[in-house]
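Observations on the three-dimensional arrangement
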Amino acid sequence: MDDLKYGTRNKRGDWAPNDPIETAPLFAFPPKLLALVKWLPHYFFPWNAIFAASAVAYWAWVIPPIETMQSLSVGWIAWLYAVNAVCVFLFYGAFEMHLYVLKRQENRFKYNGKFPAEQKSKAFWFESQNLDNILRTFLSGVTIWTAVEVGMLFAYANGYAPWLTFAENPWTLALVALVVPVIHEFHFFCIHRLIHTPLLYKWVHSVHHNSVNPSPWSSLSMHPVEHLLYFGTAFYHLILPSNPILMLYQLHYAGFGAIPGHVGFDKVEVGEETLVDSHAYAHYLHHKYFEVNYGDALIPLDRWFGTWHDGSKEGEARMQERYRKRKEKLASRKVRNTIGEAAE
């Protein structure tokens, strides 16, 4: 498949889409009804439908009976960890195998022309991005994911969280299901800005940003503190009129949903004619430039707060202008401090 019909490749082999990234029309004002109608199928398919279906499957075949979850025990907690670990291994591993091991589409649609396995770095455990990312995913990521999952299921089983049934409250729960991605986006943007403050970035978030050229296993390669903040998105369901299945959907949107943003390819080839959009370019630019695109463009928070980069030359110019103003501000502050010290 010819990826140059959709984008360009520079001398380094890095690919970029022709069209700038657009924020979702969900919060456009004045409302753009036609654009919203055209966009809605992309809101549900394929990713959100997959994560929602996985939550239903978990509730049907994985989650223990309510009576079991009313008390904490090693058995059912270990069972949930094992299932989560296997599902992450299979889901993440499928993308890794297809795109990075077998390289079935070579570097077509790949933002960074190089593959992580080709580059050793002392920033990673054992100087290997893949090994570092995998170990952090299972040692910390899946562990904290499971801990949050166990805590929330324990809360539901003991009546500490509002539990609405689909039979009695179908419209309320349908509305909550619709806004699960919006909740995630809001939560992610807020914690992301928080962990980009100097102290937290140095000790916490820099672990994730070591993967400048992200791949599937980079998705959950984080510091444990960031894992806790990230999976904390499930805690909204302690106060929302919700249901355990929707809480699981919220968790799966975070856990499995981290893949599209870190897959490293703009489109995944399925067969010879079908392309699946990853919608990963906004987050790839964040990994590349660090201080843009703290969200994923569902809510235009970056546009509102002046940190949006749409991948265009204009976006690049806005980013450089913001850097210039900040540099001038820091230089001015340094001069004032120097004058103040001299006066003393």
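Look up: the structure comes first, before these words.
Let me sum up the structure you'll find in this document. (Residues numbered from 1 in each chain as written. Predicted model: local features only at pLDDT ≥ 70, side-chain atom pairs only at ≥ 80, totals over all residues. Heavy atoms only, no water.)

Turning to the nonpolar core, a few remarks are in order. Ranked by internal contacts, the top residues of the largest apolar core, which has 65 residues, are V88, Y92, L220, Y230, F231 and M247. In terms of residue count, helix 5 (residues 129-157) provides more of this core than any other element does, eleven residues in total. If you look at the next biggest cluster of nonpolar residues, it comprises nine residues, including V182, L298, I299 and L301. (Core = buried A, V, L, I, M, F, W, Y, C linked by side-chain atoms within 4.5 Å. Buried < 20%, exposed > 50% of the residue type's maximum accessible area, 1.4 Å probe, protein only. Helix = DSSP H or I, 4+ residues; strand = E, 2+ residues; numbered from the N terminus.)

Attention now moves to helix 11 (residues 281-289). Buried residues dominate helix 11, accounting for eight of its nine residues. Y281, A282, H283, Y284, L285, H286, H287 and Y289 are the residues of helix 11 that are buried. Backbone geometry just after helix 11 places F290 at a positive phi near 75°.

Sheet analysis places strand 3 (residues 267-270) next to strand 4 (residues 274-277), joined by four bridges and oriented antiparallel. Residue pairing in the sheet places K267 in a bridge with D277 of strand 4. (Pairing = 2+ DSSP bridges.)

Within the secondary structure, H184 is located in helix 6 (residues 170-194). Setting aside anything within four residues of it in sequence, one finds H184 in contact with Y230, T233, Q250, Y253 and A254. (Contact = heavy atoms within 4.5 Å.)

Turning our eyes to something else, we now look at the packing of aromatic side chains. Tallied over the entire structure, the rule returns 29 aromatic pairs. Seen from their ring centres, F91 and F95 are 5.3 Å apart, and the 80° between their planes marks the pair as edge-to-face. In this pair, F91 and F95 are both assigned in helix 4 (residues 74-101), four residues apart and thus about one turn of the helix distant. Taking relative accessible area as the criterion, F95 reaches 13% and is therefore assigned buried. A centroid spacing of 5.9 Å and a plane angle of 80° characterise the contact between Y156 and W163, whose relative ring orientation is edge-to-face. Its end group placed over the ring of Y294, R193 keeps NZ or CZ at 4.5 Å from the ring centre. (Phe/Tyr/Trp six-rings, centres within 6.5 Å; stacked < 30°, edge-to-face > 60°. Lys NZ or Arg CZ within 6 Å of the ring centre and 35° of its normal.)

For the rest of this paragraph, the subject is the layout of surface pockets. It is the rolling of a water-molecule-sized probe over the atoms that shows where space remains empty. As a volume, the second largest pocket reaches approximately 330 Å³. What lines the second largest pocket is a set of 23 residues, and nearest its centre among them are T8, A16, P17, Y281 and G311. Secondary-structure elements contributing two or more residues to the lining of the second largest pocket are strand 1 (7-9), strand 2 (15-17), helix 11 and helix 13 (313-343). Top element by residues in the lining of the second largest pocket is helix 11. It accounts for five residues. Looking at the lining of the second largest pocket, its residues break down into nine nonpolar, six polar and eight charged. (1 Å grid on protein atoms, 1.4 Å probe; cavity = no way out; pocket = protein on both sides within 12 Å on 5 of 7 lines; lining within 4 Å. Points joined across faces, edges and corners; volume = space filled by probe spheres on them. Nonpolar A, V, L, I, M, F, W, Y, C, P; charged D, E, K, R; others polar.)

A separate point is the packing of helix 2 (residues 47-61) against helix 4. Where helix 2 meets helix 4, the axes come as close as 13 Å, and the angle between the chain directions of the two elements is 150°. With respect to helix 4, the element helix 2 is oriented roughly antiparallel. For helix 2 against helix 4, the interelement crossing comes out right-handed. Residue-level contacts link W47, F51, Y58 and W61 of helix 2 to W79, V83, N84, C87, F91 and F95 of helix 4. For the contact of helix 2 with helix 4, the residue count by class is nine nonpolar, one polar and no charged. (Axes fitted to C-alpha atoms, helices over the stretch in contact; angles between N-to-C directions. Parallel < 35°, antiparallel > 145°, perpendicular 65-115°, else oblique. Left-handed = near helix turned anticlockwise from the far one by under 90°.)

Time to look at the environment of D132. Relative to the assigned elements, D132 resides in helix 5. The exposure class of D132 is buried, given its relative accessible area of 2%. As for D132 and I195, which are separated by 63 residues in sequence, their C-alpha atoms are 21 Å apart. The contact partners of D132, leaving out residues within four places of it in the chain, are F124, W125 and S221.

Put simply, F29 and P30 share a cis peptide bond, and its omega is 0°. Structurally, P30 can be placed in the loop between strand 2 and helix 1 (33-44). Residue P46 follows F45 across a cis peptide bond; omega there is -5°. If you trace the backbone, P46 turns up in the loop between helix 1 and helix 2.

Turning next to the pattern of salt bridges. Pairs can form between side chains of opposite charge whenever their charged atoms are close. Taken as a whole, this structure holds eleven salt bridges when the rule is applied. One salt bridge connects R12 with D14, and the closest N-O pair in it is separated by 3.4 Å. Between D277 and K267 there is a salt bridge; the shortest N-O distance is 2.6 Å. Taken as a pair, D277 in strand 4 and K267 in strand 3 lie far apart in primary sequence, ten residues in all. A residue is classified by how much of its surface remains accessible, and D277, at 29% relative accessible area, is partly exposed. Taken together, the shared-partner salt bridges connect E106, R108 and E269 into one network. (Salt bridge = Lys/Arg side-chain N within 4 Å of Asp/Glu carboxyl O.)

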